[in-house]
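Residues per chain, in single letters:
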Amino acid sequence: MASIAGKLRTTRQFVNQTKLAAEAKLSTTLLEVAQANDLQVTRLYPEQAILLGYHPALKRKAIITYSTRHGIKVWYWHNNPEEVTNQEFLRQTREYLLDLAKERGIEVEGAADMHPAKLASIIFSKLVPRVKS
Amino acid sequence: MNPLRYLEKRIRGWLPKEPQTPSPQLEITRKPPKTRTQVWIVIFIMGFASGLLGAYSASFDIFSRLGIYVWLILICLVLSIVAAAIYVRKKVSEERQRMRREV
């Protein structure tokens, strides 16, 4: 916090207030997205920009993530993700996850060859320990 | 297979919802309605011009027989369709390039 304040030539208090304001806005956005997607909110992690939820109609767990580069994405738990065969969709998903991991400073071994569903599971569990991989 | 290894290999995880809308690539292959309207305008203008040309040639008695007059109109119409086809190809390729840039 102090180093950011030093770089921006401002006070620590101002940086802290800005961080809190950003987290509040992010929380509002994540909750709105959850509502729009008919999700029941289980837990909100504003610092990680992650919302855990549950879709009662689909009977599936869901996660909402935010990345500065790609924006908001809603994820659903898949018991058999190999059923998804759309290669372009899988490529875009992997790209999103790699960018998300890079943003948060997470390193995953063999990420390039990994199925995006598994990659997502590893990254989310590192971000939020409650999400088990 | 060892059940433990099977469970380790089995993929389970998180994926976003697969998009239901057609991909932008499919959208590009469709002819845009704007171009279709332009084609009709070009055909109409060229047809009108060919009719005028035919009428003038008849009034100046360049081609005295009716058959030649009709032939002249037909040739002009064919030329207008060819010109419209070239115009359409050019417009469609321009539109595709523009959409690719946007995508």
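Residues numbered from 1 in each chain as written. Chains lettered and ligands numbered in written order. Predicted model: local features only at pLDDT ≥ 70, side-chain atom pairs only at ≥ 80, totals over all residues. Heavy atoms only, no water.

### Observations regarding the confidence of the model for chain B
Which entries qualify depends on this criterion: Confidence per residue, as judged by the predictor, is encoded in pLDDT with a range of 0 to 100.
Residues at a pLDDT of 70 or more form 58% of chain B, whose mean pLDDT is 71. Reported confidences for the modelled complex are a pTM of 0.59 and an ipTM of 0.78.

### Comments concerning the interface of chain A and chain B
We apply this condition: Contacts are residue-level and defined by heavy atoms, with any inter-residue pair within 4.5 Å sufficient. The term buried area refers to how much accessible surface (probe radius 1.4 Å) is lost by two components on association, counted for both of them together. The working definition used for a salt bridge is a side-chain nitrogen of Lys or Arg within 4 Å of a carboxyl oxygen of Asp or Glu. Polar contact is defined as a pair of N or O atoms within 3.5 Å, subject to the rule that within protein one atom must be able to donate a hydrogen and the other to accept it, and that residues adjacent in sequence are counted only when both atoms are side-chain atoms. Each residue receives one of three labels: charged for Asp, Glu, Lys and Arg, nonpolar for Ala, Val, Leu, Ile, Met, Phe, Trp, Tyr, Cys and Pro, and polar for the others, Gly being one of them.
On the chain B side, the residues contacting the 26 residues of chain A number 11 residues. When chain A packs against chain B, close to 1800 Å² is buried across both sides, 66% of that on carbon and sulfur atoms. For the pair chain A and chain B, the interface holds 0 salt bridges. Counting the contacts that link chain A with chain B gives 4 residue pairs in polar contact (both at pLDDT 80 or more). Its residues assigned to classes, the side of chain A that touches chain B shows 15 nonpolar, 7 polar and 4 charged.

### Observations regarding unusual backbone geometry
Residues and elements named next belong to chain A. Which entries qualify depends on this criterion: Here a helix means four or more residues in a row that DSSP labels H or I, a strand means two or more in a row labelled E, and each is numbered from the N terminus. Exposed residues in this analysis have more than 50% of their type's maximum accessible area, buried residues have under 20%, and partly exposed residues fall in between, with area computed by a 1.4 Å probe over protein chains only.
Positioned with a positive phi, Arg9 is a non-glycine residue whose angle comes to about 55°. Relative to the assigned elements, Arg9 resides in the loop between α1 (2-8) and α2 (12-36). For Arg9, a relative accessible area of 79% translates into the label exposed. Here the phi dihedral of Lys59 falls at roughly 55°; this positive angle occurs in a residue that is not glycine. Position of Lys59 relative to the elements: it lies in the loop between β2 (50-55) and β3 (60-67).

### As for the pattern of salt bridges
Two side chains with opposite charge may pair up if their charged atoms get near one another. Residues and elements named next belong to chain A. With the rule as written, the count across this model stands at 7 salt bridges over all chains. The salt bridge involving Glu88 is made with Arg91; its shortest N-O contact spans 2.8 Å. Linking Glu88 with Arg91, this pair stays in helix α3 (residues 87-104), spanning 3 residues, or about one helical turn.

### Some words on the sheet that holds strand β1 (residues 13-16) of chain B
Convention followed: Note: two strands are recorded as paired if DSSP finds a minimum of 2 bridges between them. Orientation is described by lines fitted to C-alpha atoms, with helices fitted over the stretch in contact, and by angles between N-to-C directions that extend from 0 to 180 degrees.
The 5 strands are arranged β1(A)-β2(A)-β3(A)-β4(A)-β1(B) in an open sheet whose pairing can be described as antiparallel. The open sheet has two edge strands with one neighbour each: β1 (40-45) of chain A together with β1 of chain B. In this sheet, neighbouring strand axes are inclined to one another by 30° on average, regardless of whether the strands run parallel or antiparallel. In this structure, β2 of chain A lies alongside β3 of chain A, joined through 6 bridges in antiparallel fashion. Following the sheet pairing, Ile50 of chain A is matched in β3 of chain A by Thr65 of chain A. The strands touched by helix α4 (residues 116-127) of chain A are β2, β3 and β4 (71-78) of chain A together with β1 of chain B; relative to β1 of chain B, the strand with the most contacts, the crossing angle is about 105°.

### Considering the packing of α3 of chain A against α4 of chain A
Between two packed helices, both the angle of their axes relative to each other and the distance between the axes serve to describe the pair. All names here are of chain A. Selection criterion: In this scheme, roughly parallel covers angles under 35 degrees and roughly antiparallel covers those over 145, while 65 to 115 is roughly perpendicular and the rest are oblique. Left-handed describes a crossing whose near helix is turned anticlockwise from the far helix through less than a right angle; right-handed describes the clockwise counterpart.
Axis separation between α3 and α4 bottoms out at 9 Å; the angle between their running directions is 20°. What the angle tells us is that α3 and α4 run roughly parallel. Pair α3 / α4 crosses with left-handed handedness. In this structure, α3 contributes Leu90, Thr93, Arg94, Leu97, Leu98, Leu100, Ala101 and Arg104 to the contact, and α4 contributes Pro116, Leu119, Ala120, Ile123, Phe124 and Leu127. Considered class by class, the residues forming the contact of α3 with α4 number 11 nonpolar, 1 polar and 2 charged.

### Some remarks on the nonpolar core
Operational definition: Definition of nonpolar core: a set of buried residues of the types Ala, Val, Leu, Ile, Met, Phe, Trp, Tyr and Cys, connected through side-chain atoms within 4.5 Å.
By size, the foremost hydrophobic cluster in this structure holds 23 residues, and its most contacted members are Ile63, Trp75, Val108, Ile123 and Phe124 of chain A together with Trp14 of chain B. Elements represented by at least two residues in this core include exactly β2, β4, α3 and α4 of chain A.

### Here's the deal with α3 of chain A
Rules: Multiply 1.5 Å by the residue count of a helix minus one, and that product is the helix's expected span.
For α3 of chain A, spanning 18 residues, the distance from its first C-alpha to its last is 26 Å, which sits close to the expected 26 Å at 1.5 Å a residue. Listed as buried for α3 of chain A are Phe89, Leu90, Thr93, Tyr96, Leu97, Asp99, Leu100 and Ala101 of chain A. Tucked inside the fold, the buried residues of α3 of chain A contact β3, β4 and α4 of chain A together with β1 of chain B. Its side-chain oxygen at 3.3 Å from the backbone nitrogen of Glu88 of chain A, Asn86 of chain A defines the N-terminal cap of α3 of chain A.

### Quick look at a positive patch on the surface
Let me state the cut-off plainly: What makes a patch is a set of residues exposed beyond 30% relative accessible area and free of salt bridges, joined within 9 Å when like-charged and within 5 Å when nonpolar (Val, Leu, Ile, Met, Phe, Trp, Tyr). Working definition of accessibility: Shrake-Rupley area with a 1.4 Å probe, residue cover restricted to the visible protein chains. Working convention for charge: Lys and Arg count positive, Asp and Glu count negative, and His plus the chain ends are omitted. Note on charges: their place is set at NZ of Lys, CZ of Arg, CG of Asp or CD of Glu.
A surface patch of positive charge is lined by Arg43, Lys61, Arg130 and Lys132 of chain A together with Arg10 and Arg12 of chain B. As for its placement among the helices and strands, Lys61 of chain A is situated in strand β3.

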